Amino acid sequence: MRRASDPRTYDLDALRDRLLPEDEGTVNDSIPQLAAADPGLCGIALVLPDGSIRASAQADLPFSVQSAVKPFLFALALQDTDGAALDRIGIEPTGEAFDAIKLESGTGRPPNPMVNAGALLTAALVDGDDVEARNDRILRGLSAFAARPLEVDEEIARDEHLMGDRNHALAHLMRSEGTLGVSADDAVAVYARACAVLVDATALAVMGATLACGGVNPVTGERVVAAAVARDVMSVMATCGVYDGSGRWMRTVGVPAKSSVSGAIVLAAPGRLGAAIVSPPLDAQGTSVRGRIASERLSADLGLHAFGPH
Ligand code: GLN
């Protein structure tokens, strides 16, 4: 068996250099700001339980978090409802695309918190009496996960709200099933704004590390969510985080993760580290191509696969 490398000395820039020639994949073009992303962008960061941060070149370049926000919206919803969010949402993988117009059969609940229907609901379940209060709670909560004050790209938030026809459709479908609770437009507004939060690979890796460290941010020492919440979130990331690519992901990477249309992937290896990779070209399941390869390499080199070999 190959000995695992030490994450404290692992050469992230060498990994990045090996990824750069990879030119498969397509940049998402659902909104102009995503379509304009540099396909050559590639940043990688690791955050360890002692709070130390390792980062490659470009790990400090900003991008909108998009669906990589979903585990953290789920975490905040679980925290704010004392776990009752689990009565409102399924936790089974769908085997379908992130924006499939589909709810759980029989209940009309969203299938899981990692697809858009589920994230529209979790964003509606965080504390706050109106859109503004929920937006505020989400931004403060995400900032606590990231160990720095995060900001929203207002243009992206507006375009996601205006152009997210499938998200409006999903919100209306949940309204018709009686499973949403807030107005369809309010739900899309809050979710769209959460997707438009700007992060960089380092901030996203700190967010992943906070889950990996049982809900305590290893950089600030702050408990952001309960340990049971972090465990629930990582369980659902493991089974549903890469949509219809989740089975293959678990076999080849073996680390709970979440992909996103901006080309970011956040990983939470329980007790070991948080990691994030950003590189915009995506495969057919909407997973960053370089992000997938980097995740497979990191998992193999650092011995991160949940099922060994250990
Ligand atoms: N904001 C995007 C959407 O809802 C996020 C989707 C994603 O990253 N997969 O369409």
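An unreviewed UniProt entry lists the protein chain under the name Glutaminase, with Cryobacterium arcticum as the source organism. According to UniProt, the comment filed for the protein chain under the heading Subunit (unreviewed entry) is "Homotetramer." What UniProt records for the protein chain under Sequence similarities (unreviewed entry) is the sentence "Belongs to the glutaminase family."

Bringing the nonpolar core into the picture now. One finds Leu120, Ala123, Leu204 and Ala276 to be the most contacted residues of the largest nonpolar core, which totals 103 residues. The dominant element in this core, judged by the number of residues it contributes, is helix α9 (residues 201-212), at nine residues.

Turning next to the confidence of the model for the protein chain. Mean pLDDT over the protein chain works out to 96, with 99% of the residues at or above the 70 mark. Overall fold confidence (pTM) sits at 0.98, and the ipTM for the predicted complex is 0.91.

Before going further, it helps to examine the UniProt feature "binding site: substrate" (unreviewed entry) in the protein chain. As annotated by UniProt and renumbered to match this structure, "binding site: substrate" (unreviewed entry) occupies Ser67, Asn116, Glu160, Asn167, Tyr191, Tyr243 and Val261. Mapping Asn116 onto the fold places it in helix α4 (residues 116-125). The residue Val261 is located in the loop between β6 (257-259) and β7 (264-269) in this model. A tally of 24 C-beta atoms within 10 Å means that Val261 is categorised as buried. For Val261, the contacting residues outside a window of four places in its chain are Asn28, Ser30, Leu34, Gln66, Ser67, Leu282 and Gly286.

Around the ligand, the structure places 13 residues, and the nearest of them are Gln66, Ser67, Cys195, Ser260 and Val261. Residues that form the shell around the ligand fall into these classes: three nonpolar, eight polar and two charged.

With that settled, the discussion passes to the pairing of strand β1 (residues 43-47). Among the five residues of β1, five are classified as buried, and the element is accordingly described as predominantly covered. Of the two faces of β1, the one carrying Gly43, Ala45 and Val47 and the one carrying Ile44 and Leu46 are both buried. Direction of pairing for β1 relative to strand β8 (residues 273-278): antiparallel, over a ladder of five bridges. Its bridge partner being in β8, Gly43 is matched across the sheet by Val278. Sheet analysis places β1 next to strand β2 (residues 53-55), joined by three bridges and oriented antiparallel.

Conventions and cut-offs
Residues numbered from 1 in each chain as written. Predicted model: local features only at pLDDT ≥ 70, side-chain atom pairs only at ≥ 80, totals over all residues. UniProt positions renumbered as here; feature names shortened; annotations may be inferred. Core = buried A, V, L, I, M, F, W, Y, C linked by C-beta atoms within 7 Å. Buried ≥ 20, exposed ≤ 12 C-beta atoms within 10 Å, placed from the backbone. Helix = DSSP H or I, 4+ residues; strand = E, 2+ residues; numbered from the N terminus. pLDDT = per-residue confidence, 0-100. Contact = placed C-beta atoms within 7 Å. Near = placed C-beta within 6 Å. Nonpolar A, V, L, I, M, F, W, Y, C, P; charged D, E, K, R; others polar. Pairing = 2+ DSSP bridges.

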